[in-house]
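# What the coordinates show
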Amino acid sequence: MISHEIKIAFDEYESLADLDKADRLLCLEAQKALKNSHSPYSKFRVGAALRLQSGKILHGSNQENVAYPSGLCAERVALFNWGANHPDDPIEAMAVTAHSDEFPIVKPITSCGSCLQVLAECEKKQNQSIKIILHAEDGPVWIIKGIENQLPFLFFEERIATP
Ligand SMILES: [Zn+2]
């Protein structure tokens, strides 16, 4: 028997004010994305913003549906928009934030497993890791570099992926 240990790493900043300008602005773009959230069921708004290498910003927000599984998370709305419209302009960073009218959010919201798996595919597709910036309201900011620090056991089967 062999026991293995995997370490993941991320940086925590006290507030948005401690980030560099480009990352702080991207967080503000994620906050802007909250307004188009369609979340009448959860009343939990999530906003995402991607910064592409060209400087272009793409927004995503959670889009719920009365048939619950038909909805989609903010991160995948943004990432699929990138894949469909800007696949040759690599993603440098993605900021994600959240807001609820019903309770305060005091720490960063992390992405669900499905969004992480899609994020992994985007990194592989562009052959470049993506900086993830998570924040919520007045709480701290977490910066996570690369999918390996979020989903170390992601599904990726080389024999399927290699033509
Ligand atoms: Zn998700």
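For the structure itself, look to the data block above.
Now for a description of the structure that goes with this document. (Residues numbered from 1 in each chain as written. Predicted model: local features only at pLDDT ≥ 70, side-chain atom pairs only at ≥ 80, totals over all residues. Heavy atoms only, no water.)

## Observations regarding the coordination of the zinc ion
Threshold: Counted as donors are N, O and S atoms no farther than 2.8 Å from the metal, or 3.2 Å for Na, K and Ca; water is not among the atoms, and sites may therefore look incomplete. The secondary structure listing takes helices from DSSP runs of H or I that are at least 4 residues long and strands from runs of E that are at least 2 residues long, numbered from the N terminus.
Within the protein, the zinc ion binds to Cys-73 (SG), Cys-112 (SG) and Cys-115 (SG); these donor distances fall in the range 2.3 to 2.4 Å. Motif for the zinc ion, donor spacing along one chain: C-x38-C-x2-C. Residue Cys-73 is located in the loop between strand 3 (57–61) and helix 2 (74–85), and its partner Cys-112 is located in the loop between strand 4 (91–100) and helix 3 (113–126); the two are separated by 39 residues in the primary sequence.

## What about helix 3?
Since one α-helical turn is 3.6 residues long, residues separated by three or four positions face the same way. The line we're drawing: Multiplying one less than the number of residues by 1.5 Å gives the expected span of a helix.
Taking 1.5 Å of rise per residue, the 14 residues of helix 3 would be expected to cover 20 Å, and the 20 Å separating its terminal C-alpha atoms lies within 8% of that figure. Asn-127 occupies a position one or two residues after helix 3 and carries a positive phi of about 55°.

## Some thoughts on helix 2
What counts here: The buried label applies to any residue whose accessible area, calculated with a 1.4 Å probe on protein chains only, is under 20% of its type's maximum; exposed applies above 50%, and partly exposed to all values in between. Whether two residues are in contact is decided by their heavy atoms: any pair within 4.5 Å suffices.
Along its 12 residues, helix 2 runs 17 Å from first to last C-alpha, staying within 8% of the 16 Å computed at 1.5 Å per residue. Turning to helix 2, its buried residues number three or more, namely Ala-74, Glu-75, Arg-76, Ala-78, Leu-79 and Trp-82. Against strand 2 (44–52), strand 3, strand 4 and helix 3 lie the buried residues of helix 2.

## Here's the deal with the side chain of Asp-23
As for its placement among the helices and strands, Asp-23 is situated in helix 1 (residues 21–33). Apart from residues no more than four positions distant in its own chain, Asp-23 is found in contact with Arg-51, Lys-131, Ile-133 and Ile-143.

## Here's the deal with the environment of Leu-151
Relative to the helices and strands, Leu-151 is located in the loop between strand 6 (141–145) and helix 4 (158–161). Here the alpha-carbon distance between Leu-151 and Ile-8, two residues 143 residues apart in the chain, equals 9.0 Å. Residues in contact with Leu-151, not counting those within four places in the same chain, are Gly-113, Leu-116 and Gln-117.

## Considerations on the layout of surface pockets
Where we set the bar: Using a 1 Å grid laid over the protein atoms alone, points where a 1.4 Å probe fits but cannot get out form a cavity; open sets with protein on both sides within 12 Å along at least 5 of 7 lines form a pocket; any residue with an atom within 4 Å of a point counts as lining. Grid points are joined across faces, edges and corners, and a volume is the space filled by probe spheres set on the points. Only Asp, Glu, Lys and Arg are considered charged, only Ala, Val, Leu, Ile, Met, Phe, Trp, Tyr, Cys and Pro nonpolar, and every remaining residue, Gly among them, polar.
Empty space within the largest pocket amounts to approximately 160 Å³. Lining the largest pocket are 14 residues, and of these Val-46, Cys-73, Ala-74, Glu-75 and Cys-112 sit closest to its centre. At the level of secondary structure, the elements contributing two or more residues to the lining of the largest pocket comprise strand 2 and helix 2. For the lining of the largest pocket, the per-class residue count stands at 8 nonpolar, 4 polar and 2 charged.

## Things to note about the packing of aromatic side chains
This is how the line gets drawn: Between rings of Phe, Tyr and Trp, where Trp is taken as its six-membered ring, a pair exists when centres lie within 6.5 Å; planes separated by under 30 degrees are stacked, by over 60 edge-to-face, and by other angles tilted.
Within this structure, the stated rule accounts for 3 aromatic pairs. Ring geometry for Phe-10 against Trp-142: centres 5.0 Å apart, planes inclined by 50°, an arrangement best described as tilted. You can see Phe-10 sitting in the segment before strand 1 (11–13) and its partner Trp-142 sitting in strand 6, a full 132 residues away along the chain. On the basis of relative accessibility, which here comes to 16%, the residue Trp-142 falls in the buried class. Judged by centre distance (5.6 Å) and plane angle (45°), the ring pair of Tyr-41 and Tyr-68 falls under tilted. Of this pair, Tyr-41 sits in the loop between helix 1 and strand 2 while Tyr-68 sits in the loop between strand 3 and helix 2; the two residues are 27 residues apart in sequence, bridging distant segments of the chain. Judged by relative accessible area, Tyr-68 falls into the exposed class, the value being 60%.

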